[in-house]
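# Secondary and tertiary structure notes
These are the residues of each chain, in order.
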Amino acid sequence: NCLRNYCRIGFILDMRLNKKQKKDLLFFIVPLILFQLNELIKADIQIPVLGYLLRCHLNDYFGGISFAAYLNFVLSLSNWTSFQLTKIRHFLVAGLFCGICWEVITPIFMQSSTADIWDGVAYILGMLTYWFFCIKWAAENN
């Protein structure tokens, strides 16, 4: 009760989520968990191509999935529900925008950040993975 009275988290605990919002939370949280698991193992993988993908691009792929789910979840709670990502072109544009922001603009301002076109591709593939599962989810629930 103390938590509910003094923290904003009480709002989340009291929320009644629909199936799509629950799916979005799942697609937000699971890739974050996989991201953390990859952080733990990626340095130890000695298989050349697999190790490279795990160290350099897999977390960006997970980020694309999580970011798409996060956007749709937040938009579902807002007054702008019509702006949710629903069509493949929405996901392509959002992934491209992420790639431009994180791989082109961020390295200008952060010395530790590097630009990598393949990370941009990974964001787009992550977004498209989310889109694919949304289409599959919608087909199964109709």
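Provided above is the structure to which this section pertains.
Note that this is a predicted model, so its numbers are computed, not measured.

Below, the discussion takes up the overall build of the chain. The helix and strand tally for the chain stands at seven helices and zero strands. Along the chain, helices and strands appear, N-terminal first, in the series α-α-α-α-α-α-α. A buried classification covers 30% of the 142 residues belonging to the chain. In the chain, of all internal contacts separated by at least 6 residues, the share reaching a separation of at least 24 is 65%.

Here the focus is the pattern of salt bridges. Side chains carrying opposite charge are able to pair once their charged atoms draw close together. Counted by the stated rule, this structure contains three salt bridges. Of the charged contacts, one joins lysine 42 and glutamate 39 as a salt bridge, the two residues approaching to 2.9 Å between their closest N and O atoms. Bridged by salt links that share partners, the residues Lys20, Lys23 and Asp24 form one connected network.

Take helix α6 (residues 88–109) next. For α6, which comprises 22 residues, the first-to-last C-alpha distance of 31 Å matches the rise-based estimate of 32 Å (1.5 Å per residue) to within 8%. The set of residues buried in α6 consists of Phe91, Ala94, Gly95, Cys98, Gly99 and Glu103. Elements in contact with the buried residues of α6: α5 (58–76) and α7 (117–140).

Calculation criteria
Residues numbered from 1 in each chain as written. Predicted model: local features only at pLDDT ≥ 70, side-chain atom pairs only at ≥ 80, totals over all residues. Heavy atoms only, no water. Helix = DSSP H or I, 4+ residues; strand = E, 2+ residues; numbered from the N terminus. Buried < 20%, exposed > 50% of the residue type's maximum accessible area, 1.4 Å probe, protein only. Contact = heavy atoms within 4.5 Å. Salt bridge = Lys/Arg side-chain N within 4 Å of Asp/Glu carboxyl O. Expected span 1.5 Å × (residues − 1).

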